[in-house]
Amino acid sequence: MILGNWKMHTLKADALTLAASMRTVAEATDTLIGICPPSLWVDQIVTEVADSRLMVGVQDCVADDFGAHTGCINAAMVANAGCAFALLGHSERRKRFGETSQTIAPAVGAILETGLFPVVCVGETEVDRDAGRADQVVAEQLAPLVGQGFDLDGVVIAYEPVWAIGTGRVATLAEIVAMHRWIREVLERPELVVLYGGSVSPETASSIFSSDQVSGALVGGASLDADKFAAIVAAWETR
Ligand code: 13P
């Protein structure tokens, strides 16, 4: 599975053009391909790619039922818009909006209940890694997902070391492999889908994908360029 997170990029016309190119990429592969456009463009993009293999997701949502929650969208809305999945707990949401695994765990359940799949993002900061705390921090981020009454088999985890996001600095293959193993161990799910995210590009993808611990990628910057994204998908297919 290769997913693109567009973050806060694109005006509408560019978003529709990019989605059309992503649709072409998705049609040319058996690999599951998904994009997370800004939520304002999601509805129209879903409509335009409805008859294709391209999955559309949102970048975040909350667990709450309908109510007075200014600026929020909930799982029922995400499903109603025709999305296939939702990113939850991205480090940029954790940092800026104070989201934690405790606050996102109910949203994971809500997304699963609608029949969509959640992609829960975890990852340590550079300070945590340098202090030898990466495993502990990621385990703490995963812990609130356990014992919630939902089936963890339906959850996708994206391991995104914060220091590798948008920096061009990819974690080493050894770090990636060790953390993917650790995530499956902590959740006691050997078959869990675990994606890597953080400066995945046409240049870095082949090495990242060379381990069978890696189930795919969550791509940021390079998912804003269909040619780069297609090259990443090609690297996955020839791994
Ligand atoms: P970059 O690929 O730009 O480093 O972003 C990764 C990311 O945060 C995806 O969610």
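That block above? That's the structure.
Residues numbered from 1 in each chain as written. Predicted model: local features only at pLDDT ≥ 70, side-chain atom pairs only at ≥ 80, totals over all residues. Heavy atoms only, no water.

A. The packing of aromatic side chains, seen in detail. Tallied over the full model, the rule gives 3 aromatic pairs. Note on Phe209 and Trp236: the rings are 5.0 Å apart at their centroids and 90 degrees apart in plane angle, and the pair reads as edge-to-face. Linking Phe209 in the loop between helix H9 (205-208) and strand E8 (217-219) with Trp236 in helix H10 (residues 226-237), this pair joins segments that are 27 residues apart in sequence. The same class applies to Phe209 and to Trp236, which are both buried. The aromatic ring of Trp236 is capped on one face by Arg239, whose charged end is 3.6 Å from the ring centroid. (Phe/Tyr/Trp six-rings, centres within 6.5 Å; stacked < 30°, edge-to-face > 60°. Helix = DSSP H or I, 4+ residues; strand = E, 2+ residues; numbered from the N terminus. Buried < 20%, exposed > 50% of the residue type's maximum accessible area, 1.4 Å probe, protein only. Lys NZ or Arg CZ within 6 Å of the ring centre and 35° of its normal.)

B. How the structure looks around unusual backbone geometry. Even without a glycine there, the phi angle at Thr10 is positive, about 85 degrees. Along the chain, Thr10 falls in the loop between strand E1 (2-5) and helix H1 (12-27). At Glu188, a position not held by glycine, the phi torsion is positive, near 55 degrees. Tracing the sequence through the fold places Glu188 in the loop between helix H8 (173-186) and strand E7 (193-197).

C. Seen up close, the site of the ligand. As a matter of local geometry, the ligand sits amid Asn5, Lys7, His90, Glu160, Ala164, Ile165, Gly166, Gly198, Ser199, Leu218, Gly220 and Gly221. In the model, an oxygen atom of the ligand is placed 2.8 Å from a nitrogen or oxygen of the Lys7 side chain. Contacts to the ligand include Gly220, whose backbone N or O atom sits 2.9 Å from an oxygen atom. Contact with the protein chains removes 94% of the 310 Å² of surface that the ligand exposes when unbound. Tallied by class, the residues present in the shell around the ligand amount to 3 nonpolar, 7 polar and 2 charged. (Near = heavy atom within 4 Å. Polar contact = N/O pair within 3.5 Å; in protein donor to acceptor, adjacent residues only side chain to side chain. Areas by Shrake-Rupley, 256 points an atom, 1.4 Å probe, with all protein chains shown as cover. Nonpolar A, V, L, I, M, F, W, Y, C, P; charged D, E, K, R; others polar.)

D. Summary view of helix H7 (residues 134-142). Buried within H7 we find Ala134, Val137, Val138, Ala139, Gln141 and Leu142. Packed against the buried residues of H7 are helix H4 (91-97), helix H5 (101-113), strand E5 (117-122), helix H6 (126-130), strand E6 (156-159) and H8. (Contact = heavy atoms within 4.5 Å.)

E. Summary view of the pairing of E6. On E6, burial covers both faces: Val156 and Ala158 on one face and Ile157 and Tyr159 on the other are all buried. Where E5 meets E6, 4 bridges bridge the pair, whose relative direction is parallel. Bridge pairing in E6 links Val119 to Val156. Two strands pair when backbone bridges link them, and E6 and E7 are joined in this way by 4 bridges, in the parallel orientation. Bridge assignment links Ile157 to a residue of E7, and that residue is Val194. In this fold, E6 hands off to H8, which returns the chain to E7; that crossover is right-handed. (Pairing = 2+ DSSP bridges. Right-handed = clockwise from strand over helix to strand, strands pointing away.)

F. Highlighting the sheet that holds strand E4 (residues 85-88). Sheet architecture is closed into a barrel: 8 strands sit in the order E1-E2-E3-E4-E5-E6-E7-E8, paired in parallel fashion. In this sheet, adjacent strand axes meet at a mean angle of 25 degrees when their direction is disregarded. (Axes fitted to C-alpha atoms, helices over the stretch in contact; angles between N-to-C directions.)

G. Summary view of H10. Spanning 12 residues, H10 covers 16 Å between terminal C-alpha atoms, matching the ideal 16 Å at 1.5 Å per step. The set of residues buried in H10 consists of Ala226, Phe229, Ile232, Val233, Ala235 and Trp236. Looking at the buried side of H10, the elements it contacts are E1, H1, strand E2 (33-36), H9 and E8. The N-terminus of H10 is capped by Asp225, whose side-chain oxygen sits 2.9 Å from the backbone nitrogen of Asp227. (Expected span 1.5 Å × (residues − 1).)

H. Expanded view of the packing of H1 against H10. Viewed as axis vectors pointing N to C, H1 and H10 meet at an angle of 20 degrees, and their least axial separation amounts to 10 Å. In terms of orientation, H1 and H10 fall into the roughly parallel class. For H1 against H10, the interelement crossing comes out right-handed. Mapping the contact onto sequence places Leu18, Ser21, Met22 and Val25 in H1 and Ala226, Phe229, Ala230 and Val233 in H10. Across the contact of H1 with H10, the residue classes break down as 7 nonpolar, 1 polar and no charged. (Parallel < 35°, antiparallel > 145°, perpendicular 65-115°, else oblique. Left-handed = near helix turned anticlockwise from the far one by under 90°.)

Any functional reading would require information that these geometric values do not contain.
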